[in-house]
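# Per-entry structural report
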Amino acid sequence: MSLIRLDNVGIEFSGSFLFKDISCTVEHNSRIGLIGANGCGKTTLLKIMLREIEPSLGNASLSKQMKVAYLSQVPEFETELTVEEYIRSAREDLQSAWKGILTASAANDLNALHKAEERFHNLGGYNFDTEMKLTLTALKFKPELWNRKLNTFSGGERTRLALAYILLSQYDLLLLDEPTNHLDIAMIAWLEKYLSGQSRPYLIISHDRTFLDRTVTTIYHMENGSLSVTKGNYSSWYEARKIRLLEQERQWKQQQKWLREQNDFIARNIAGQKTNQAKGRLKILNRTE
């Protein structure tokens, strides 16, 4: 069963469609790059997938009980938290389990303490600190910055912290909207390695061709209100697109030659002996796209 499914989806704003008749799926093994010009509707499509926006046409379905981690271009969060408080809040299950350990320990209840510690271990609690340090350090937040409040960081820095939060949370599907916008070369390389090692599916909106080449296996391309699907990375899509455009150009040139021939025949014969043939060709021209 697909994690996300769109069937003939369209969205209308102010009386005109941004896109329509879009059908696609996100599967358990998906590694998708969503590309297209600015303003073509990529982020809107993502929000339809998340059911944050209802489509004007068609149906969007999201697998029940699936945990989706979504990084928007402008993430929102409580800026009064410190870095460490914010990142730890990505795993409320671990925080709850840790409180259980503290409560059982304070009550000197060895049976409850054993169960609480076992739960914390099974949730990966003893590995989380290491994962948090590795992730924050890779995104240029050393431990001496962890007690600073989020409102003391720049917008780009807060976006990087939101990325760390997303990556350290529990999720079944990862959706990233322009994740490399505020990353330097070293951070992008780290993120590429992180994603390449993932067994969980993801969909990424990005204009970074090299990043897409190294992280995705399918390209969803939005253009002129429609969506095309190409297997492979960005370079594979680009080469396939070049071939497709050359073929379209060849067909267009052939059609232009045919149109000139028909117009010439009509001009020479519309009032002559072959007037019926000329009128017939004129009708065909009027129906030609």
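What comes next is a walk through the structure. Everything numeric here is computed off the predicted structure, so don't read it as measured data.

## What to know about the packing of aromatic side chains
Evaluated as defined, the whole model comprises 8 aromatic pairs. For the pair F120 and Y126, a centre-to-centre distance of 4.9 Å together with 85 degrees between the ring planes defines the contact as edge-to-face. By relative accessible area, Y126 is classed as partly exposed at 46%. Look at F141 and F153: their rings are 5.7 Å apart centre to centre, the planes differ by 80 degrees, and that puts the pair in the edge-to-face class.

## Overview of the state of the cysteines
By definition, a disulfide links two cysteine residues through a covalent bond between their sulfur atoms. Across all of its chains, the model carries 0 disulfides by this definition. Cysteine C24 shares no disulfide, and the gap to the nearest cysteine sulfur, in C40, comes to 13 Å.

## Thoughts on the sheet that holds strand β4 (residues 57-62)
Within the open sheet, the 3 strands sit side by side as β2-β1-β4. Their pairing is antiparallel. Where the open sheet ends on each side, the last strands, each with one partner, are β2 (16-26) and β4. For this sheet the average axis-to-axis angle between neighbouring strands, irrespective of direction, equals 25 degrees. Bridge analysis of strand β1 (residues 4-13) against β2 gives 7 bridges, and the strand direction is antiparallel. From the neighbouring strand, R5 faces β2, where its bridge partner is T25.

## Some details on the side chain of D177
Along the chain, D177 turns up in strand β6 (residues 173-177). Within the buried set, D177 has no salt-bridge partner at all; the shortest N-O distance to an opposite charge, 7.1 Å, is to K42.

Reading guide: rules and limits
Residues numbered from 1 in each chain as written. Predicted model: local features only at pLDDT ≥ 70, side-chain atom pairs only at ≥ 80, totals over all residues. Heavy atoms only, no water. Phe/Tyr/Trp six-rings, centres within 6.5 Å; stacked < 30°, edge-to-face > 60°. Buried < 20%, exposed > 50% of the residue type's maximum accessible area, 1.4 Å probe, protein only. Disulfide = S-S within 2.5 Å. Pairing = 2+ DSSP bridges. Helix = DSSP H or I, 4+ residues; strand = E, 2+ residues; numbered from the N terminus. Axes fitted to C-alpha atoms, helices over the stretch in contact; angles between N-to-C directions. Lys, Arg positive; Asp, Glu negative; His and termini not counted. Salt bridge = Lys/Arg side-chain N within 4 Å of Asp/Glu carboxyl O.

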